[in-house]
Amino acid sequence: MKLLLLLLFLPALIFAQSKEEQRLLKKADKIHARAYTVDTHADVPINMMEIPGFDIGAKHNYAEDGTQIDFPRMKEGGMDAMFFAVYLAQGKRTPEGEAEAKANALKIFQSIHDAVKKYPDMAELVTTPKEGFATHKKGKLGVFIGMENGWPVGHDLANLKLYYDLGLRYITLSHSFNNDLSDSSGDPEGGEHGGISKLGEACIAEMNKLGIIVDVSHISDSAFYDVMRLSKAPVLASHSSCRALSDVKRNMTDDMIKLMASKGGVIQINFVSDFLRKPSEEVMISIRTLRMQAMKADATPEDKQRINAELRQLKYKYPGEAPSVKTVVDHIDHVVQIAGIDHVGIGMDMDGGSDVVGCEDVSKIKNVTIELLRRGYSEKDIRKIWGENTMRVLAAAEKVAADLKKSH
Ligand SMILES: [Zn+2]
């Protein structure tokens, strides 16, 4: 009888459900039209540097080439601004190595500047919330710049001003290996400074003076606690998720999230699959092996593209393990529960390993918004998550820098 009733009402049920979905989509459209949405970690410069002929002004197809970001898809998705990453895999910590890192970093800055110059009608380089909002008002996309790995700073802190003047507004102190500034959560040898080094301390002080946000993603737990003690300005974890939900070292513990929040900081949820849901040992080994290959100094762009394609294939090989937008919002829910709505944002890590079913590229970010709406988040909450919290941290970094200048 029950089954019969269900069968009888099924069409109506499906109709009601799809109507509800349509209502949510409409609401998400409205929110994206009004909100200022910012993602804090975009690795598209890797594609700009390494894929021959990659054109950020042309629309690409994720299913065909695996790329996740370009200006047309940002526009389509309702993504108003992204922090493009000046990313360098850790290399030799020698004067020569540092000089090479600096030269390569400058090349990446140049390619970002060239990209916005090539498409002045689509995008602008932005460095402050004010500039970001003004660009948005003109109907253009904003490109902020962050640096992933402080290695190109070398031992000359004057480089910070050089990068700042090129538009840099955050630095992830280390990448997956220790450097001269900080220990990394990923170094197979463990820590070597016990957290932040002396040089790292001086670097943070200088970053505070300039208004460059300290990014605590990738660094070791001890380094994180050092940053909490050292930074005069609120910080970001530009692309990290919750360790309570996926127990990997790249993620933040509840204690870390709460402490960072108590100092005004924000955790930007990362969409890399193993940071969202801890994979089985079998998958973890594949991921680790492939990533290590990609980070090798002699890995060619072709090698890296092949490795990325293999990483993407894992989700089809092990479909049960692939996280969805629901998993993403589980992480957002978790931060909201332990630290409050003012301390969570989004740093998808697209073109750097982001791999979520339902949000395959930047044109699909509304699916995250829809899931937030489904769980009862208000427009006000969603605006905070999608950008206002991040902009608050950037404004605070500016304010601390201005105050430090005045006190001198
Ligand atoms: Zn990263």
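Above: the structure in question.
The paragraphs below set out a description of the structure included in this document. (Residues numbered from 1 in each chain as written. Predicted model: local features only at pLDDT ≥ 70, side-chain atom pairs only at ≥ 80, totals over all residues. Heavy atoms only, no water.)

**Some points on the overall build of the protein**
Stage number 1. When you go through the protein residue by residue, the secondary structure sums to 16 helices and nine strands.
Stage number 2. What you see for the protein is a C-alpha radius of gyration of 21 Å, in line with the 22 Å of a compact globule of 408 residues.
Stage number 3. Along the first, second and third principal axes, the C-alpha set of the protein runs to 75 × 45 × 45 Å.
Stage number 4. The buried share of the protein, taken over its 408 residues, is 55%.
Stage number 5. Put simply, 71% of the contacts in the protein that link residues at least 6 apart link residues at least 24 apart.
Stage number 6. Carbon and sulfur atoms make up 57% of the accessible area of the protein, which amounts to about 17700 Å² in all. (Helix = DSSP H or I, 4+ residues; strand = E, 2+ residues; numbered from the N terminus. Rg over C-alpha atoms; globule rule 2.2 N^0.38 Å. Buried < 20%, exposed > 50% of the residue type's maximum accessible area, 1.4 Å probe, protein only. Contact = heavy atoms within 4.5 Å. Areas by Shrake-Rupley, 256 points an atom, 1.4 Å probe, with all protein chains shown as cover.)

**Remarks on a nonpolar patch on the surface**
Stage number 1. Together, Leu7, Leu10, Leu13 and Ile14 make up a nonpolar patch on the protein surface, roughly 360 Å² of accessible area in all.
Stage number 2. As for its placement among the helices and strands, Ile14 is situated in helix 1 (residues 2–34). (Patch = residues over 30% accessible without salt bridge, like charges linked within 9 Å, V, L, I, M, F, W, Y side chains within 5 Å. Salt bridge = Lys/Arg side-chain N within 4 Å of Asp/Glu carboxyl O.)

**Points about the coordination of the zinc ion**
Stage number 1. The coordination sphere of the zinc ion contains the protein donors Glu148 (OE), His218 (NE2) and His239 (NE2), at a distance range of 2.0 to 2.2 Å.
Stage number 2. Motif for the zinc ion, donor spacing along one chain: E-x69-H-x20-H. Here Glu148, found in strand 4 (residues 141–148), pairs with His239, found in the loop between strand 7 (236–237) and helix 10 (254–262); they are 91 residues apart in sequence, far enough to count as distant. Across the pair, exposure class does not vary: Glu148 and His239 are buried alike. (Donors = N, O, S within 2.8 Å, 3.2 Å for Na, K, Ca; no water.)

**Quick word on the packing of helix 9 (residues 221–230) against helix 10**
Stage number 1. Orientation of helix 9 relative to helix 10, taken along the N-to-C sense of each, is 15°, at an axis distance of 11 Å. Between helix 9 and helix 10, the angle is such that the two are roughly parallel. Judged by the twist between their axes, the crossing of helix 9 over helix 10 is left-handed. Facing Asp221, Phe224, Tyr225 and Met228 of helix 9, the residues of helix 10 in contact are Asp255, Met256, Leu259 and Met260.
Stage number 2. Its residues assigned to classes, the contact of helix 9 with helix 10 shows six nonpolar, no polar and two charged. (Axes fitted to C-alpha atoms, helices over the stretch in contact; angles between N-to-C directions. Parallel < 35°, antiparallel > 145°, perpendicular 65-115°, else oblique. Left-handed = near helix turned anticlockwise from the far one by under 90°. Nonpolar A, V, L, I, M, F, W, Y, C, P; charged D, E, K, R; others polar.)

**Looking at the nonpolar core**
Nonpolar side chains in soluble globular proteins generally cluster together in the buried interior.
Stage number 1. Ranked by internal contacts, the top residues of the largest apolar core, which has 87 residues, are Phe71, Phe84, Val227, Ile269, Met348 and Val368.
Stage number 2. The dominant element in this core, judged by the number of residues it contributes, is helix 5 (residues 95–118), at seven residues.
Stage number 3. Formed by 14 residues, the second largest nonpolar core is a distinct cluster that contains Ala81, Val126, Phe144 and Val393. (Core = buried A, V, L, I, M, F, W, Y, C linked by side-chain atoms within 4.5 Å.)

**Quick notes on helix 16 (residues 379–406)**
Stage number 1. Counted at 1.5 Å a residue, the expected span for helix 16 with its 28 residues is 40 Å, and the 38 Å between its end C-alpha atoms agrees.
Stage number 2. Taking the largest bend as the criterion, helix 16 deviates by roughly 60°, centred on Ile385. (Expected span 1.5 Å × (residues − 1). Bend = angle between axes of the 7 residues up to and from the residue.)

**Here's the deal with the packing of aromatic side chains**
To describe a pair of aromatic rings, you give the distance between the ring centres and the angle between the ring planes.
Stage number 1. Inspection of the entire model under this criterion finds six aromatic pairs.
Stage number 2. For the pair Phe109 and Tyr163, a centre-to-centre distance of 5.6 Å together with 15° between the ring planes defines the contact as stacked. Placement of the pair is Phe109 in helix 5 and Tyr163 in helix 7 (residues 158–165), with a sequence separation of 54 residues. Assigned by exposure class, Phe109 and Tyr163 land together as buried.
Stage number 3. In this structure, Arg169 is placed above the aromatic ring of Tyr164, and the distance from its NZ or CZ to the ring centre is 3.7 Å. (Phe/Tyr/Trp six-rings, centres within 6.5 Å; stacked < 30°, edge-to-face > 60°. Lys NZ or Arg CZ within 6 Å of the ring centre and 35° of its normal.)

**So, the packing of helix 7 against helix 8 (residues 198–210)**
Stage number 1. Here helix 7 crosses helix 8 at 35°, and the two axes come no closer than 10 Å. Between helix 7 and helix 8 the crossing geometry is right-handed. Here Leu160, Lys161 and Tyr164 of helix 7 lie close against helix 8, whose contacting residues are Cys203, Glu206, Met207 and Leu210.
Stage number 2. Class assignment of the residues belonging to the contact of helix 7 with helix 8 gives a composition of five nonpolar, no polar and two charged.

**Observations regarding the side chain of Asp180**
Stage number 1. Tracing the sequence through the fold places Asp180 in the loop between strand 5 (168–172) and helix 8.
Stage number 2. Ignoring sequence-local partners within four residues, the contact set of Asp180 consists of Arg93, Glu98, His155, His193, Ser197, Leu199 and Gly200.

**Describing unusual backbone geometry**
Stage number 1. One non-glycine residue with positive phi stands out, namely Asn149, at about 105°.
Stage number 2. Relative to the assigned elements, Asn149 resides in the loop between strand 4 and helix 7.
Stage number 3. On the basis of relative accessible area, Asn149 is assigned to the buried category, the value being 0%.
Stage number 4. Located in the positive-phi region is His218, a residue other than glycine, with phi close to 75°.
Stage number 5. Relative to the helices and strands, His218 resides in the loop between strand 6 (213–215) and helix 9.
Stage number 6. Its relative accessible area of 8% is what places His218 among the buried residues.

**Observations regarding the environment of Tyr36**
Stage number 1. Note that Tyr36 resides in the loop between helix 1 and strand 1 (38–42).
Stage number 2. Assessed through its relative accessible area of 8%, Tyr36 is described here as buried.
Stage number 3. Sequence-wise, Tyr36 and Met79 are 43 residues apart; in three dimensions their C-alpha atoms are separated by 8.1 Å.
Stage number 4. Once residues lying within four places of it in the same chain are set aside, the contact partners of Tyr36 are Asp80, Ala81, Gly132, Phe133, His136, Phe144, Trp386, Gly387, Glu388 and Met391.
Stage number 5. Within the structure, the side chain of Tyr36 is placed 3.5 Å from the backbone oxygen of Gly132, a separation counted as a polar contact. (Polar contact = N/O pair within 3.5 Å; in protein donor to acceptor, adjacent residues only side chain to side chain.)

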